[in-house]
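Descriptive structure summary
What follows is each chain in one-letter form.
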Amino acid sequence: MIREAVASDREALATILYRASRDVFPLAGIERVDAAEFDRQTAGERILVAEKDDRPVGFSSVWDPDHFLHHFFIDPAYHRHGIGRSLMVATMMRYGSALSLKCNTSNTTARTFYRAMGWIETDEPGGTSEGIGDWIWIRTPAAASALGLLPEGPDA
């Protein structure tokens, strides 16, 4: 089930953020994410929760003014159960098909997932974040098109 987040989800979502971030960003040295840190990282964002067996197992958070998918995490214990796919579809239906995100270049699992969902790794300059490493822009076709970033030609 996919639903809007409620205040009582904060601790569970903080735990998911911690567990997933620890695996994805080992150089960041993340020791703990509590509800206050979760609130700080998602301030002003709209959050959807993926639930299984009446408990949160994943979430997405979107910064609406920029159509930016800031967080998209599934508890590692629930990977490969179709939860990410369901959450991504619900996120795009709820917040629009023109979304963008940043992804760590070494996170090949996430990059493969986004490509399978139809997202495009653009040629835009990415960046580097301390403790996280190099990142790239990944956009939905609608977002890439709106920015004039779709490849041209018959092989595109």
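Look up a bit, the structure's there.
Before going into details, it helps to say that this report is about the structure given with it. (Residues numbered from 1 in each chain as written. Predicted model: local features only at pLDDT ≥ 70, side-chain atom pairs only at ≥ 80, totals over all residues. Heavy atoms only, no water.)

It is worth spelling out the overall build of the protein at this point. Per the secondary structure count, the protein includes 5 helices and 8 strands. From first element to last, N terminus to C terminus, the protein shows the α and β order β-α-α-β-β-β-α-β-α-β-β-β-α. Within the protein, buried positions represent 40% of all 156 residues. Within the protein, contacts between residues separated by at least 24 positions form 58% of all contacts whose residues are at least 6 apart in sequence. (Helix = DSSP H or I, 4+ residues; strand = E, 2+ residues; numbered from the N terminus. Buried < 20%, exposed > 50% of the residue type's maximum accessible area, 1.4 Å probe, protein only. Contact = heavy atoms within 4.5 Å.)

Turning our attention to the pairing of strand β3 (residues 55-63). Side-chain direction in a regular strand flips from residue to residue, so the side chains alternate between the two faces of the sheet. The buried fraction of β3 is high, at 7 of 9 residues. Here strand β2 (residues 46-52) runs beside β3; their pairing, made up of 7 bridges, is antiparallel. Bridge pairing in β3 places E51 opposite P56. Here β2 hands over to β3 after 2 residues, with D53 in that stretch at a positive phi of 55 degrees. When β3 meets strand β4 (residues 68-74), the two strands line up antiparallel, connected through 6 bridges. Across the sheet, the residue bridging to W63 is F68, located in β4. In this antiparallel pair of consecutive strands, β3 and β4, the connection spans 4 residues, and H67 shows a positive phi of 55 degrees. (Pairing = 2+ DSSP bridges.)

On to the environment of G84. Tracing the backbone through its elements, the reader meets G84 in helix α3 (residues 83-95). Taking relative accessible area as the criterion, G84 reaches 13% and is therefore assigned buried. The spacing of G84 and F113 is 29 residues in sequence and 8.6 Å in space, taken between C-alpha atoms. Excluding anything up to four places from it in sequence, G84 contacts F72, I74 and F113.

The next thing to look at is the packing of aromatic side chains. Remark: the centre distance and the inter-plane angle together describe each pair of aromatic rings, the angle taken between the planes. Throughout the structure, instances matching the rule amount to 8 aromatic pairs. Ring centres of F72 and F113 lie 5.7 Å apart, and the angle between their planes is 25 degrees; on these two criteria the pair is classed as stacked. Remark: F113 occurs in helix α4 (residues 108-116) and F72 occurs in strand β4; sequence separation between them is 41 residues. Between W135 and W137 the ring centres are 5.6 Å apart and the planes differ by 85 degrees, which places this aromatic pair in the edge-to-face class. The two residues W135 and W137 agree in class, both being buried. One Lys or Arg, K102, reaches over the ring of W135 and ends 4.3 Å from the middle of that ring. (Phe/Tyr/Trp six-rings, centres within 6.5 Å; stacked < 30°, edge-to-face > 60°. Lys NZ or Arg CZ within 6 Å of the ring centre and 35° of its normal.)

Time to look at the environment of S129. Structurally, S129 can be placed in strand β7 (residues 127-129). Linking S129 and N104, residues 25 residues apart in sequence, is a C-alpha distance of 9.3 Å.

Pairing between side chains of opposite charge can happen when their charged atoms approach one another. All told, the structure shown has 10 salt bridges when counted by the stated rule. E51 is paired through a salt bridge with R3; the nearest N and O atoms lie 2.8 Å apart. Separated by 48 residues along the polypeptide, E51 in strand β2 and R3 in strand β1 (residues 2-4) bring together distant segments of the chain. The exposure classification of E51 matches that of R3, with both residues buried. (Salt bridge = Lys/Arg side-chain N within 4 Å of Asp/Glu carboxyl O.)

Turning our attention to α3. Here α3 is 13 residues long and its end C-alpha atoms lie 18 Å apart, about the 18 Å a rise of 1.5 Å per residue gives. Where α3 is concerned, the buried positions are I83, G84, L87, M88, A90, T91, M92 and Y95. A positive phi of about 105 degrees marks G96, the residue just after α3. (Expected span 1.5 Å × (residues − 1).)

The analysis is restricted to geometry; functional conclusions fall outside its scope.
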